[in-house]
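Structural description and commentary
Letter by letter, the chains look like this.
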Amino acid sequence: MVGSRKITLFTLVNAIVLSVIAIATLYPVLYILSISLSDTSAIIQGKVFLFPKGLNLDAYREVLKSDKIPRAYFNSVYYTGLGTFINLLFTAVAAYPLSQRSFFGRKVFMLMIVMTMFFNAGIIPTYMVVQQLGLLDTVWALVLPNAIWTMELIILKSFYENMSSQIREAAVIDGASDYRILFSIVIPLSKPALASIGLFYFMGHWNSFFLPMIYLSDKDMYPLQVVLRDMLIYNAENDAGLVDRAALAPQAMKNATIVLSMIPVMLMYPFAQKYFAKGVMLGSEKG
């Protein structure tokens with residue numbers, strides 16, 4: 001009886017805490033969506049709280065009609081897709097030799113890699129390197145300097161180490177090279193790990209605005225996050241023309257752009273969720 005009471009109390013506390021977290025997480029999203037769909041008069045008068053006041057899609061029409069937002073949206077999709085692919089490829093290739101105990105200098109390389117989590121050259125030296133390589137105002141300035149993230153490399157290395165060594169031994173006996181083992185056996189068996197770290201890579205590229213601000217001077221190459229930042233900070237300079245022409249509240253334009261920026265993440269997460277649940281348990285079990 002006492003045990004059942006404890007379980008009931010524990011379940012109740014969990015339900016309350018998780019409900020509060022869910023409400024705190026969902027409310028900003030619902031509020032932004034409501035503002036973007038509400039009438040201009042209701043927004044100006046401050047009547048929008050949780051649900052839209054009068055369905056109005058003019059903000060989305062104006063955002064999609066402008067040249068700046070669709071171009072920035074395409075840039076973000078392109079940078080994120082290319083960057084995530086390079087991240088996963090480089091991380092998968094780099095983690096494989098580091099997971100092999102027979103690899104010469106394995107501990108030294110790992111020490112050097114881990115040190116980058118605590119010490120780095122800084123923004124100015126990194127910018128100078130990118131400039132000397134002629135990568136400014138190119139997509140490579142956004143993807144190559146951060147081709148491998150240390151934490152994701154360590155996670156994937158741990159996943160490789162937990163894989164059964166008998167698979168690799170059998171492939172070696174059959175005459176398979178390390179390249180064949182990696183791309184034909186190890187990587188296909190590492191979908192949960194790759195999906196997990198791929199989601200983090202995807203989010204990092206999609207939400208990035210600081211690196212594009214530093215390395216890109218051509219406004220036509222700006223990703224969506226930089227354009228959105230300009231709209232939020234420099235409202236009068238960047239989106240006043242759109243707002244006046246459409247007779248819309250500035251908040252509606254901003255929130256419509258924010259909603260559009262959330263769509264790729266919301267579409268991608270359900271597909272990665274089945275792998276993500278396995279990926280978060282990386283390293284908890286020994287193979």
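Because the structure is a prediction, the values reported are computed rather than measured.

**Here we look at a nonpolar patch on the surface**
Together, F85, L89, F90, V93, W140, L144, I148, Y179 and F183 make up an exposed nonpolar region whose accessible area comes to about 870 Å². For the nonpolar patch, the secondary structure elements donating two or more residues are helix 4 (68–98) and helix 10 (178–186). When residues of the nonpolar patch are assigned to their parent elements, the largest contribution, 4 residues, is made by helix 4. Inspection of the secondary structure puts Y179 in helix 10.

**With respect to empty space enclosed by the protein**
Enumeration over the complete set of coordinates arrives at 1 cavity of 30 Å³ or more. For the largest cavity, the full set of lining residues is K68, R71, A72, N75, K219, D220, Y222 and V227. The dominant element in the lining of the largest cavity, judged by the number of residues it contributes, is helix 4, at 4 residues. Each residue belonging to the lining of the largest cavity can be placed in one class, and the counts come to 3 nonpolar, 1 polar and 4 charged.

**Side note on the packing of helix 9 (residues 165–173) against helix 10**
Direction vectors running N to C along helix 9 and helix 10 enclose 130°, while the axes themselves pass 10 Å from each other. Considering the angle they form, helix 9 stands oblique to helix 10. Every pair of crossing elements has a handedness; the one defined by helix 9 and helix 10 is right-handed. The segment helix 9 lies against helix 10, with I167, R168, A171 and V172 engaging D178, I181 and I185.

**Considerations on the side chain of S38**
Mapped onto the elements, S38 comes out in the loop between helix 1 (2–37) and helix 2 (40–44). A distance of 2.5 Å separates a polar side-chain atom of S38 from the backbone oxygen of S34. Here S38 is in contact with I43, V48, P52, K53, G54 and N56, once residues within four sequence places are set aside.

**With respect to the confidence of the model for the chain**
Per-residue confidence for the chain gives a mean pLDDT of 81, with 86% of residues at or over 70. Across residues 236–246 the pLDDT falls below 50, and counting only partners more than four positions away or on other chains, this stretch makes 15 contacts in the model. Considering only residues more than four positions removed or in separate chains, one finds that residues 283–287, a stretch of pLDDT under 50, has 4 contacts.

**Section: helix 10**
Every buried residue belonging to helix 10 is among I181, L182 and V186, and all of these are buried. Buried residues of helix 10, viewed axially, fall in a sector of 95°; they line one side. Of the exposed residues in helix 10, the ones pointing more than 90 degrees away from its buried face are Y179 and R180. Lining the buried residues of helix 10 we find helix 4, helix 8 (150–162) and helix 9.

**Observations regarding the layout of surface pockets**
Approximately 730 Å³ is the volume found for the largest pocket. Secondary-structure elements contributing two or more residues to the lining of the largest pocket are helix 5 (106–115), helix 6 (123–132), helix 8 and helix 12 (210–215). Take the lining of the largest pocket: its biggest share by element is 4 residues, from helix 12. Residue classes in the lining of the largest pocket are distributed as 15 nonpolar, 6 polar and no charged. One number sums up the size of the second largest pocket: a volume of about 330 Å³. Lining the second largest pocket are 15 residues, with Q100, Y160, M163, S165 and R168 sitting closest to its centre.

**Some thoughts on the environment of F202**
Topologically, F202 is positioned in helix 11 (residues 191–206). Separated by 123 residues in sequence, F202 and Y79 place their C-alpha atoms 9.8 Å apart. Beyond its immediate sequence surroundings of up to four residues, F202 is in contact with T80, T84, P264, V265 and M268.

**What to know about the nonpolar core**
Among the nonpolar cores identified, the biggest contains 37 residues, and Y60, V63, I69, Y79, L142, L216 and V227 are the most heavily contacted of them. For this core, the leading source of residues is helix 16 (residues 250–279), giving 6 residues. Here L216 is in contact with Y79, D137, T138, L142, L211, M221, Y222 and P223, once residues within four sequence places are set aside. Formed by 19 residues, the second largest nonpolar core is a distinct cluster that contains L98, Y160, L182 and L194.

**A look at the environment of W206**
You can see W206 is positioned in helix 11. Here W206 falls in the buried class, since its relative accessible area comes to 1%. Sequence separation between W206 and G81 is 125 residues; the distance between their C-alpha atoms is 9.1 Å. In this structure W206 touches Y73, S76, V77, T80, L224, Q225, S261, P264 and V265, once residues within four positions along its chain are discounted. Among the polar contacts made by the side chain of W206, one reaches the main-chain carbonyl oxygen of S261 at a distance of 2.7 Å.

Conventions and cut-offs
All residue numbers refer to position in the chain's written sequence, counted from 1. Residue-level local features of this predicted model are given only where pLDDT is at least 70; pairs of side-chain atoms are given and counted only at 80 or more, and the full residue set underlies all totals for whole chains, interfaces and linings. Remark: hydrogens and water are excluded; side-chain values derive from all non-hydrogen atoms of the structure. Like-charged residues within 9 Å of one another, or nonpolar side chains (Val, Leu, Ile, Met, Phe, Trp, Tyr) within 5 Å, are grouped into patches, provided each residue has over 30% relative accessible area and no salt bridge. In this description, accessible areas are obtained by the Shrake-Rupley approach with a 1.4 Å probe, and a residue is regarded as covered only by the protein chains that are shown. Any Lys or Arg side-chain nitrogen found within 4 Å of a carboxyl oxygen on Asp or Glu counts as a salt bridge. Segments assigned H or I by DSSP are reported as helices when at least four residues long, segments assigned E as strands when at least two residues long, and all are numbered from the N terminus. Definitions used for this entry: grid spacing 1 Å over protein atoms alone; cavity, a set of points where a 1.4 Å probe fits but cannot get out; pocket, an open set with protein on both sides within 12 Å along at least 5 of 7 lines; lining residue, one with an atom within 4 Å of a point. Grid points are joined across faces, edges and corners, and a volume is the space filled by probe spheres set on the points. Note on residue classes: Ala, Val, Leu, Ile, Met, Phe, Trp, Tyr, Cys and Pro are nonpolar, Asp, Glu, Lys and Arg are charged, and everything else, Gly too, is polar. Angles here are taken between N-to-C directions and fall from 0 to 180 degrees, while the axes themselves are lines fitted to C-alpha atoms, restricted in helices to the stretch in contact. By definition in this entry, angles of less than 35 degrees are roughly parallel, angles greater than 145 are roughly antiparallel, angles of 65 to 115 are roughly perpendicular, and the rest are oblique. Helix crossings fall into two classes, left-handed where the near helix is turned counterclockwise from the far one by less than a right angle and right-handed where it is turned clockwise. The contact criterion used throughout is that any non-hydrogen atoms of two residues lie within 4.5 Å. Throughout this description, a polar contact denotes any pair of N or O atoms lying within 3.5 Å of each other; where both atoms belong to protein, one of them has to be capable of donating a hydrogen while the other can accept it, and for residues adjacent in sequence the pair is counted only when both atoms sit in side chains. Residue-level confidence of the predictor is summarised by pLDDT, bounded by 0 at the bottom and 100 at the top. Only protein chains enter the accessibility calculation, which uses a 1.4 Å probe; a residue whose area is less than 20% of its type maximum is buried, one above 50% is exposed, and one in between is partly exposed. Regarding the arc, it is the one traced by the directions from the helix axis to the C-beta atoms. Nonpolar cores are built from buried Ala, Val, Leu, Ile, Met, Phe, Trp, Tyr and Cys residues. Side-chain atoms within 4.5 Å join them into one set.

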